[in-house]
Amino acid sequence: MVQLVGPLRKELADSLSTCKVLVVGAGGIGCELLKNLVLTGFKNIEVIDLDTIDVSNLNRQFLFQKKHVGKSKAQVAKESALTFCPTANITAYHDSIMNPDYNTEFFRQFILVMNALDNRAARNHVNRMCLAADIPLIESGTAGYLGQVTVIKKGLTECYECQPKPTQKTFPGCTIRNTPSEPIHCIVWAKYLFNQLFGEEDADQEVSPDTADPEAAWNPEDTAARATASEKDGDIKRVSTKEWARSTGYDSVKLFHKLFKDDIRYLLTMDKLWKKRKAPTPLDWHQLRNSGPKEESVGSGLKDQQVLSVWSLCKMFQHSVETLRTMLQEKGEGAELVWDKDDAPAMDFVTAAANLRMHIFSMNTKSRFDVKSMAGNIIPAIATTNAIIAGLIVLESLKILSGELESCRTIFLNKCPSLRKKLLVPCILDPPCANCYVCASKPEVTVKLNIHKTTVLCLQDRILKERFGMVAPDVQIEDGKGTILISSEEGETDANNHKFLADFGIRNGSRLQIDDFLQDYTLLVNVLHTEELERDVEFEVVGEAPDKAPPPQPNKEEVNSVTNGNKDSAQPSTSSKAPADDDDIMIVESDEEGASSSSAAAAPSSGTKRRHSDAETGESSSKRLRMDQSGAAAAPTDDDDDDDDDDIIALD
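Residues numbered from 1 in each chain as written. Predicted model: local features only at pLDDT ≥ 70, side-chain atom pairs only at ≥ 80, totals over all residues. Heavy atoms only, no water.

Take the overall build of the protein next. Check the secondary structure of the protein and you find 17 helices and 22 strands. Sorting the 652 residues of the protein into buried and exposed places 53% on the buried side. For the protein, restricting intrachain contacts to residue pairs at least 6 apart in sequence, the fraction spanning at least 24 positions comes to 68%. (Helix = DSSP H or I, 4+ residues; strand = E, 2+ residues; numbered from the N terminus. Buried < 20%, exposed > 50% of the residue type's maximum accessible area, 1.4 Å probe, protein only. Contact = heavy atoms within 4.5 Å.)

Shown next as structure tokens:
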């Protein structure tokens, strides 16, 4: 007879009380997960998070209260979780998981690692550390009403980086406010700014410099002190952005100087942020106006597809502010505007503000058309989605601790039910990708670039660190002499930074060996020289797009029965049919929601890939679905005939 301890078998309950697990991230998913773990019976938990608690976290991160604002998320999450189970042994780290102190040996002390992160760089890093330590990893993420959980085990399943990921869709607040590095960061900031000035103010959408940025103040006490500063700084009383703008009569030049000059100057005082980044350059309205003739735009074609000059953007900003001010006044006292990408003044405002910020942070500016296409994909965080995903993480962890890794699944949470009326769709885990540049036995990749224009610093920062997720790469040229191009030892090869690759004898077909000793990771890079890259493209990874299966012929009756549109998709569409390369996704317009869905609906062949939103970043991964004969996604259980049970995950 099986002996039970509560709802669990005694052997499993004993395992929970003795095993040691690591939770990476104490935010939306992390808070729910930590609470679930202690209530399930886990006794030895370590949790790490670099962030501090902000007011905007309180609506969905329920281990935190207003009194905790400015304090370490990991530490407060630990204290709150202990109220559920005082006998638990929880260790909290207010730190970055990418700190070299958390090396392979650190990871090997755990039986299981659970990710609850909100950015791709950290996800990539933890993936590699778990592969190096040969520890199971449960990866998870949410995007609006969508979510997923998957299990990663070296040699048995795909790793997090086996499938290429699309551009990240959501970003940490301190990135938006302090250190934007991509155009989408500036577009998100500009949309937030519109709401702060003309719409409904939201604590989640603050645009002023973030004085509690953990990267700017590594001392936790300093961070807490800044975040909990008095409402008065000296004799200057803080007012909201909207109140200040109203007090100026929405003066466009004063707004310009506050946003693009004064706030940028303030950011420059946070000098720790700029030790390894290019510092922003403040703009001055009067200097720009008096600096002589200006080109109106760059490039030909339709007006919306032209990239405007800086002064043209200034004039667009001025005109849009004046127009929006008039619209606000016409609506009366206390009125608010709602941002709509099809509203010309609102779109002009976001285009101008985003591009001016891009220019300040040394990015290539975008056309109005590009900004409009990117501005509609900002995804909200939903507390109930986090709760569901956190519960699924625990269920998968129980399978692993029971020694039933083969029964683990990738589980997708959809916004709308599938054809079989299920919101949860379990899928069999895919085996490792033979060509993965991370988990293959001999990782290798080919990069197409211009050796006469690509600097060593670009290779290090843009290609190795940003694109391939390395932390401290060492680069050696396979030239028979073992020339060291980049050393992770500080200052050792800094003299090479601004030289071009061709200066070191690198040519078409050269091979570079890259080692990241922190990640215990080696990558061989084949250099493919080209002078035909598109404008603003610094490099390309050859063969990055996965092969697509031939499009299936779905049953017409099934296709017509699907209406699963929602605005959380990262793939907008104006068609009621999915494109051929996403042939296992049915995309349908929804008048209520506006954009399209990436929920699985049509019937793919057995070899097709299903893309689904992943993580709080809104990115996606690809997993194979096992399909039943009717074409609906079927849960991979032993009894597929029972339609009512295929979203139940068996533990025993």
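Once you've had a look at it, read on.
With that settled, consider the side chain of Thr142. The topology assignment puts Thr142 in strand E7 (residues 137-143). Classification of Thr142 by relative accessible area gives buried; the value is 5%. A polar atom in the side chain of Thr142 sits 3.0 Å from the side chain of Asn386. (Polar contact = N/O pair within 3.5 Å; in protein donor to acceptor, adjacent residues only side chain to side chain.)

This part is about a negative patch on the surface. A surface patch of negative charge is lined by Glu200, Glu201, Asp202, Glu243 and Glu336. Locating Glu336 in the fold gives a position in the loop between helix H12 (310-331) and helix H13 (344-360). (Patch = residues over 30% accessible without salt bridge, like charges linked within 9 Å, V, L, I, M, F, W, Y side chains within 5 Å. Areas by Shrake-Rupley, 256 points an atom, 1.4 Å probe, with all protein chains shown as cover. Salt bridge = Lys/Arg side-chain N within 4 Å of Asp/Glu carboxyl O. Lys, Arg positive; Asp, Glu negative; His and termini not counted. Charge placed at Lys NZ, Arg CZ, Asp CG, Glu CD.)

A few words on the packing of helix H2 (residues 28-40) against helix H15 (residues 383-401). Orientation of H2 relative to H15, taken along the N-to-C sense of each, is 45°, at an axis distance of 8 Å. The orientation of H2 relative to H15 falls into the category oblique. Seen along the crossing, H2 lies across H15 with a hand that is right-handed. Contacts between H2 and H15 involve Gly28, Ile29, Glu32, Leu33, Asn36, Leu37 and Thr40 from the former and Asn386, Ala387, Ile389, Ala390, Gly391, Ile393, Val394 and Leu398 from the latter. (Axes fitted to C-alpha atoms, helices over the stretch in contact; angles between N-to-C directions. Parallel < 35°, antiparallel > 145°, perpendicular 65-115°, else oblique. Left-handed = near helix turned anticlockwise from the far one by under 90°.)

Positive phi, close to 55°, is recorded for Tyr250, a residue that is not glycine. On the secondary structure map, Tyr250 appears in the loop between helix H9 (241-247) and helix H10 (252-269). Its relative accessible area of 6% is what places Tyr250 among the buried residues. Even without a glycine there, the phi angle at Lys421 is positive, about 65°. Position of Lys421 relative to the elements: it lies in the loop between strand E13 (409-413) and strand E14 (424-428).

With that settled, consider the confidence of the model for the protein. Low pLDDT marks regions whose predicted coordinates should not be analysed in detail. Considering every residue of the protein, the mean pLDDT works out to 78; 74% of them sit at 70 or more. Across residues 545-652 the pLDDT falls below 50, and counting only partners more than four positions away or on other chains, this stretch makes 266 contacts in the model. (pLDDT = per-residue confidence, 0-100.)

It is worth spelling out the pattern of salt bridges at this point. Following the criterion strictly, the structure yields 17 salt bridges and no others. The partner of Lys20 in a salt bridge is Glu46, with the nearest N and O atoms 3.2 Å apart. Highlighted residues: Lys20 in strand E3 (residues 20-24) and Glu46 in strand E4 (residues 44-48), separated in sequence by 26 residues. Residues Arg462 and Glu466 are paired through a salt bridge, measuring 2.6 Å at the closest nitrogen-oxygen approach. Here the residue Arg462 and the residue Glu466 both occupy positions in helix H16 (residues 456-467), the gap between them amounting to four residues, near one helical turn. For Arg462, a relative accessible area of 33% translates into the label partly exposed. Judged by relative accessible area, Glu466 falls into the exposed class, the value being 53%. Because the salt bridges share partners, they merge into one network encompassing Glu444, Glu478 and Arg511.

In terms of strand pairing, strand E15 (residues 444-449) meets strand E19 (residues 521-529) through six bridges, oriented parallel. Bridge assignment links Thr446 to a residue of E19, and that residue is Asn526. Bridge count for strand E18 (residues 511-516) against E19 is six bridges, and the pairing is antiparallel. Opposite Asp516, over in E19, you have Tyr521 as the bridge partner. Where E18 hands over to E19, the hairpin turn is made up of four residues, of which Asp520 adopts a positive phi near 55°. (Pairing = 2+ DSSP bridges.)

With that settled, the discussion passes to the environment of Ala472. Mapped onto the elements, Ala472 comes out in the loop between H16 and strand E16 (474-477). Classification of Ala472 as partly exposed rests on a relative accessible area of 28%. Residues Ala472 and Ser487 lie 15 residues apart in sequence; the distance between their C-alpha atoms is 8.3 Å. Excluding its chain neighbours within four sequence positions, the residues that come into contact with Ala472 are Ser488, Asp515 and Asp516.

Let us look at the packing of aromatic side chains. Enumeration over the complete set of coordinates arrives at 18 aromatic pairs. Seen from their ring centres, Tyr93 and Tyr102 are 5.6 Å apart, and the 75° between their planes marks the pair as edge-to-face. Considering the side-chain rings of Phe260 and Phe317, the 5.6 Å spacing of their centres and the 75° angle between planes classify their relative orientation as edge-to-face. You can see Phe260 sitting in helix H10 and its partner Phe317 sitting in helix H12, a full 57 residues away along the chain. Members of the aromatic cluster, each reached through a chain of ring pairs, are Trp189, Phe194, Phe198, Tyr250, Phe256, Phe260, Trp285, Trp311, Phe317 and Phe349. Note that Arg357 overlies the ring of Trp189, its terminal NZ or CZ placed 4.4 Å from the centroid. (Phe/Tyr/Trp six-rings, centres within 6.5 Å; stacked < 30°, edge-to-face > 60°. Lys NZ or Arg CZ within 6 Å of the ring centre and 35° of its normal.)

So, on to the pairing of strand E5 (residues 89-93). Residues of E5 alternate between two faces, with Ile90 and Ala92 buried on one and Asn89, Thr91 and Tyr93 left unburied on the opposite face. Where E4 and E5 come together, five bridges link them in parallel fashion. Note on E5: the bridge partner recorded for Ile45 is Ile90.

Take the sheet that holds E4 next. With mixed pairing, the eight strands of this open sheet are ordered in space as E5-E4-E3-E6-E7-E8-E13-E14. Since the sheet does not close on itself, it has two edges, and those belong to E5 and E14, each with one partner. The sheet shows a mean angle of 15° between the axes of neighbouring strands, taken without regard to direction.

All right, on to H2 then. In a regular helix each residue adds 1.5 Å, so 13 residues correspond to 18 Å; H2 covers 19 Å between its end C-alpha atoms and thus fits that length. Burial analysis of H2 places 10 of its 13 residues in the buried class, which makes it a mostly covered element. Along H2, the residues classified as buried are Gly28, Ile29, Gly30, Cys31, Glu32, Leu33, Leu34, Asn36, Leu37 and Val38. Looking one or two places after H2, you find Gly41, whose phi comes out positive at around 125°. (Expected span 1.5 Å × (residues − 1).)

By size, the foremost hydrophobic cluster in this structure holds 54 residues, and its most contacted members are Trp189, Phe198, Phe256, Phe260, Phe317, Phe349 and Leu356. Those elements giving two or more residues to this core turn out to be helix H7 (183-198), H10, helix H11 (285-289), H12 and H13. Considering every element that reaches this core, the biggest residue donor is H7, with 11 residues. When near neighbours in sequence (up to four residues on either side) are disregarded, Phe349 contacts Ala190, Leu193, Phe194, Leu197, Phe198, Phe317, Ser320, Val321 and Leu324. If you look at the next biggest cluster of nonpolar residues, it comprises 50 residues, including Met129, Val456, Leu464 and Val541. (Core = buried A, V, L, I, M, F, W, Y, C linked by side-chain atoms within 4.5 Å.)

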